[in-house]
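Reading the structure
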Amino acid sequence: MWERTLQDLIRGLRANKNDESKFIGQAMDEIRREIKSKDMALKAGAVMKLTYLDMLGYDMSWASFHIVEVMSSPKIHIKSVGYLGAVQSFNEDTDVLMLTTNLLKKDLSSTPADIAVTLNGVSSIMTADLARDLSPELVGMLNHSRPHIRKRAVAAMYRVFQKYPDALHHGIGRLQEKLEDSDPGVVCATVNVLCELARRNPQDYLPLAPQLFHLLTTSSNNWMLIKIVKLFGSLSPHEPRLVKKLQPPITDLISTTSAISLLYECVHTCIIGNMLQGITGDSLARTCVSKLAAFIEDPDQNLKYIALLAMVKIVPTHPHLVAEHQDTILSSVDDEDISIRMRALDLLSALVNRDNLQSIVQQVLSHLVKPESSAIPSAVQSLSQHIIPSAPAKSPGAPSQSTAYRLVLSQRIMTMCSQNTYDNVADFEWYLSVLVDLAYVSNVDIGTQIRDQLVDVVGRVRAARSYAVKLMVKVLSDDTFLLHAGEQGSCSEVLWAAAWICGEYCSELSAPDELIPYLLQPEIASLRPDITAVCIQSATKLFGYWASEAAKQWTESFLEDLKRAVDIMIEQMEQFASSTQIEVQERAANLLQLLIFIKRDAAMYKPKQENGFTDPSAAAFDPVLEPSFPKSLYLIQPLFSSHELNPVASIAQASVPVPDGLDLDAWIVPSMQDRVAEEGDDGDVTERKIKRNKKGKEKESASRTKVKSGKKKQKEEGYREELAPQEEETAEEKAERERRKAERLERMRDDPYYIMDDRPQKPPAEDVDSIPVVRLDGPLPLPKEEPRLPGLRSSASVRSAPPSFVVEREGEMPAGAVVTPQLLSPAPSSRRQTPNLFNVTTTPPPPLPSFQSYEVPDDELRTSTPEPIKVTRAKKKGTSTAKKKRTVKPKAGDEGTVVIH
């Protein structure tokens, strides 16, 4: 009978592509018949076809017993097929594996060919039971006379050690002997096994260091040297003496080898093995960095990738060496491969310091600038392009234009600048400009992070507030964010920061009233509710500050300007007060009422010369205390300038001590069950509950009375009690009821879950004679303020020196705070200051042409870029529990406050 072979099966699959499932079904039926045959050759052919189908995804676990039968064949070519099927289909859950133990032992004591096939197969089907039972035979195979048997036995021992770790006690010694085997293949296999075993417990293999070192210095096999170097990389952290011993041979390998894989492995071992310390370590580190820099310049993308990875690990210990190749690293950010770009960004983030921050950020920021969209070319341009071919333009799907990559770039810029509380930033005015540039060119949803950074920088650095306010005024006056607020990546949250900064530090503005129209324009209502609410609040602060400054320079001509400004703001607030957002509506309504009060006060105001006193009693009034301006001009300003906002320490809340006697787990209000039960004694309350019972709430009424009978009985008694006539109560009973009611009301007055009705039952009779006669002098007297310059803040003076930026890092602590050691975070490891290696070019980097330039008045231009200024830490507030009264004397130019998240 003609049977189909494996070649016929493959040809049939190719010929029946349209109806493959039907052909496979027929083939499986044939295989089932063949595999049950007593002819071992036919059975082996069926196993071969099953193995091929298993690689295509068809299950062959049902034939495991037949595979064992093929494995037991005395013929080597049939036995090989059986072991191939076992490797392909057997796993730890295969039931027939327990039947193979004696078969495997028999094959391991057979001819060399059978032993080789068995060792190849047993390495793939090894289980814990097989490893325990076969370990003596496999250890014996390590001394076989044939080198290829010893090499296969060494590889199989690795699987034995994995599945049965107890075999290490009697097998590791024999395995160590194979390091001195006469055959290089056996030695190489032994080094491979030891390298894999040492990954888990390197300290257990330290006794092998002398033999491994001898192989390192005498062997010429690059692949074995790679494994030995890897093995020493795992051992050297556990034995410091190895570092000094290994530095000369590894340095020699790095300098002489032409194998790129061995060279990289030596560099990687030097990094992870702590070999770059000390005088000799510095020279070795310089050699490693120079080799890695050559890898970065290599056209092979794989070499670039691994070199960038290795340099990231060298930066913490030798940043000055890596900094010498900054230009090479920056060129990798322009690479077309996105993975290389990401690794280059990781390296730049680790490399940044106070000296190179601005140059690195400038280069990274330039990748966010979109290329100018080219218009439709003319006919002449099209012809010229065909005649003189030019470089192809970057495709729209390039990594620099992808949203994910642009988001990573934007986040990295802010991370590099803000790490360790802006430790690397020397010029905060530059950083504020970078944040605004980032909002314009990022085109990703990173507005929330930019907003938080802007507010945090202005809050912590007082010297940067004046420039920040000027910058934010330009942001508010630009309608770019307003027009694109609804689009993705518009960064409209920057308007939140701009409005808040201008409102909080409005004293830095020379004309705050000119900014109010930008904050209250109708387009603001289309923004997110939180942004609109902040704009309204900032407009309130600006108006209050402008009104108070106008009061200090009051002239009669200001009255019309005041009325006009109030009328305009009232008209705008009426629109915001009808908003559907509760936050916007509430803020607008509050400001609207304040403005209405100011409008009425301005309408009733009369100039001082017209204020004649006709009442004789008013003649004694001191006219000096009577202001010459409407008193309502000071209505809003004290609401926002009473207290200064300061940064809060991160552990401030956790440092507040718990008062004595306060149990945070106890109920603030006692249980209501007892009180409700007591209310059942009150006839008034019982009668009300009975009426509720009539409405169908028998269960609720029954649970609130003292009746202990069943629910049905309570329902009947409730109706009976309601229908019974009420008896007239005596005077004593009425007094007792009133007394109980008064006690209950007094008890409920302190209950937050009970709403009291404090309105009197009957309005008291008005006693006109008892109303005192007083003199109404209008609003409260104005608070006495410290004398200051009569005009607004003048900015005409040119700064002769750059400002000194002091960052408030610690933050403010509450009075009586107790700081525990657990709350204090460990101080960051200080990295030694490296010399500035990037001043090779005297010319500064050119400005980015696509960024919006922020022009400030000529009188505010800085004469030069400020030198890097050391940031001094502000003194931390005392942590003593005693409360100390503190008097704050504000310095000139330090008015304004800070934000608290």
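Residues numbered from 1 in each chain as written. Predicted model: local features only at pLDDT ≥ 70, side-chain atom pairs only at ≥ 80, totals over all residues. Heavy atoms only, no water.

Quick notes on the overall build of the chain
Scanning the chain from terminus to terminus reveals 38 helices and zero strands. Considering the chain as a whole, with its 901 residues, one finds that 42% of them fall into the buried category. Sequence-distant contacts in the chain: of pairs separated by 6 or more residues, those separated by 24 or more amount to 74%. Entry remark: accessible area of the chain is about 52,000 Å², with carbon and sulfur atoms responsible for 54%. (Helix = DSSP H or I, 4+ residues; strand = E, 2+ residues; numbered from the N terminus. Buried < 20%, exposed > 50% of the residue type's maximum accessible area, 1.4 Å probe, protein only. Contact = heavy atoms within 4.5 Å. Areas by Shrake-Rupley, 256 points an atom, 1.4 Å probe, with all protein chains shown as cover.)

Points about the packing of aromatic side chains
Evaluated as defined, the whole model comprises 10 aromatic pairs. Just above the ring of W62 sits the side chain of R32; from NZ or CZ to the centre is 4.2 Å. Directly above the ring of W496 sits R451, whose terminal nitrogen or CZ lies 5.2 Å from the centroid. (Phe/Tyr/Trp six-rings, centres within 6.5 Å; stacked < 30°, edge-to-face > 60°. Lys NZ or Arg CZ within 6 Å of the ring centre and 35° of its normal.)

Considering the pattern of salt bridges
As enumerated under the stated definition, the model contains 30 salt bridges in all. Between K178 and D181 there is a salt bridge, and its shortest N-O distance comes to 3.6 Å. Judged by relative accessible area, which is 7%, K178 ranks as buried. The partner of R343 in a salt bridge is D346, with the nearest N and O atoms 2.9 Å apart. Placement of both R343 and D346 in helix α20 (residues 338-351) is noted, with a separation of three residues, approximately one turn of the helix. Taken together, the shared-partner salt bridges connect E736, R739, R740 and E743 into one network. (Salt bridge = Lys/Arg side-chain N within 4 Å of Asp/Glu carboxyl O.)

Overview of helix α4 (residues 64-71)
Summarising burial for α4: six of the eight residues are buried, a large majority. Within α4, the full set of buried residues consists of S64, H66, I67, V68, V70 and M71. Buried positions along α4 lie against α2 (20-35), α3 (40-55), α5 (76-89) and α6 (101-108).

Focus: the nonpolar core
Counting 218 residues, the largest nonpolar core has Y431, I450 and F543 as its most contacted members. With 12 residues, helix α30 (residues 529-552) is the single largest residue contributor to this core. Each residue touching Y431, except ones within four places of it in the same chain, is listed here: M414, C417, S418, Y422, V425, Q453 and V457. (Core = buried A, V, L, I, M, F, W, Y, C linked by side-chain atoms within 4.5 Å.)

Overview of the state of the cysteines
Working definition of a disulfide: a covalent bond connecting the sulfur atoms of two cysteines. Under the definition given, this model contains zero disulfides. The thiol of C288 is unpaired, and the distance to the nearest cysteine sulfur, on C270, comes to 4.4 Å. C288 sits in the buried class, given a relative accessible area of 0%. (Disulfide = S-S within 2.5 Å.)

Quick word on unusual backbone geometry
Not every positive phi belongs to a glycine, and N274 is a case in point at roughly 60°. As for its position among the elements, N274 is in the loop between α15 (260-272) and α16 (278-297). Since its relative accessible area comes to 45%, N274 is described here as partly exposed. Unlike most non-glycine residues, N443 shows phi in positive territory, near 60°. Relative to the helices and strands, N443 resides in the loop between α24 (428-441) and α25 (447-460).

Re α30
The terminal C-alpha atoms of α30, which comprises 24 residues, lie 35 Å apart, in line with the 34 Å expected from a rise of 1.5 Å per residue. Counting buried positions along α30 yields 20 of 24 residues, so the element is predominantly enclosed. (Expected span 1.5 Å × (residues − 1).)

Side note on the environment of K474
Residue position: K474 is located in helix α26 (residues 465-477). K474 sits 24 residues away from A498 along the chain, and the two C-alpha atoms are 9.1 Å apart.

Description of the side chain of Q453
With respect to the secondary-structure elements, Q453 resides in helix α25. If near-sequence neighbours (up to four positions away) are discounted, Q453 is found in contact with M414, S418, Y422, Y431 and L435.

Examining the side chain of S490
Here S490 is to be found in the loop between α27 (480-483) and α28 (494-504). Of note is the side chain of S490, whose polar atom sits 3.1 Å from the backbone oxygen of H484. A polar contact is formed between the side chain of S490 and the backbone oxygen of E487, at a distance of 3.2 Å. Setting aside residues up to four positions removed in sequence, S490 forms contacts with A439, F481, H484 and A485. (Polar contact = N/O pair within 3.5 Å; in protein donor to acceptor, adjacent residues only side chain to side chain.)

Description of the environment of I78
As for its position among the elements, I78 is in helix α5. Look at I78 and you get buried, because its relative accessible area is 4%. When the C-alpha atoms of I78 and K43 are compared, they prove to be 9.1 Å apart, with 35 residues separating the residues in sequence. The contacts of I78, once residues within four sequence positions are left out, are M40, A41, A44, V70 and S73.

A short note on a nonpolar patch on the surface
Together, F65, M98 and L99 give the surface a local cluster of nonpolar side chains, amounting to about 360 Å² of exposed area. Along the chain, L99 turns up in the loop between α5 and α6. On the basis of relative accessibility, which here comes to 51%, the residue L99 falls in the exposed class. (Patch = residues over 30% accessible without salt bridge, like charges linked within 9 Å, V, L, I, M, F, W, Y side chains within 5 Å.)

Regarding the packing of α6 against helix α8 (residues 128-141)
For the pair α6 and α8, interaxial distance at closest approach is 10 Å and the crossing angle is 0°. The angle between the axes of α6 and α8 places the two elements in the roughly parallel class. Side by side, α6 and α8 meet where T101, L104, K105 and L108 of the first sit next to L130, D133, L134, E137, L138 and M141 of the second. Tallied by class, residues from the contact of α6 with α8 come to six nonpolar, one polar and three charged. (Axes fitted to C-alpha atoms, helices over the stretch in contact; angles between N-to-C directions. Parallel < 35°, antiparallel > 145°, perpendicular 65-115°, else oblique. Nonpolar A, V, L, I, M, F, W, Y, C, P; charged D, E, K, R; others polar.)

Here's the deal with the environment of E177
When you line up the elements, E177 lands in helix α10 (residues 168-177). Each C-alpha atom, one on E177 and one on T190, is 9.3 Å from the other, the two residues being 13 residues apart in sequence.

Let's talk about the packing of α20 against helix α23 (residues 403-422)
Running from N to C, α20 and α23 cross one another at 10°; their axes reach a closest spacing of 10 Å. One finds that α20 runs roughly parallel with respect to α23. Across the interface between the two elements, I338, R341, M342, L345, D346, L348 and S349 from α20 touch Y405, V408, L409, R412, M416 and Q419 from α23. Looking at side-chain class alone, the contact of α20 with α23 contains eight nonpolar, two polar and three charged residues.

Focus on the confidence of the model for the chain
Across the chain, the average pLDDT comes to 77, with 72% of residues at 70 or higher. Taken together, the stretch residues 610-624 has pLDDT below 50 and engages in eight contacts with residues farther than four places along the chain or on a different chain. Predicted confidence is poor over residues 825-901, with pLDDT under 50, and the contacts of this stretch with residues over four places away or in other chains come to 135 contacts. (pLDDT = per-residue confidence, 0-100.)

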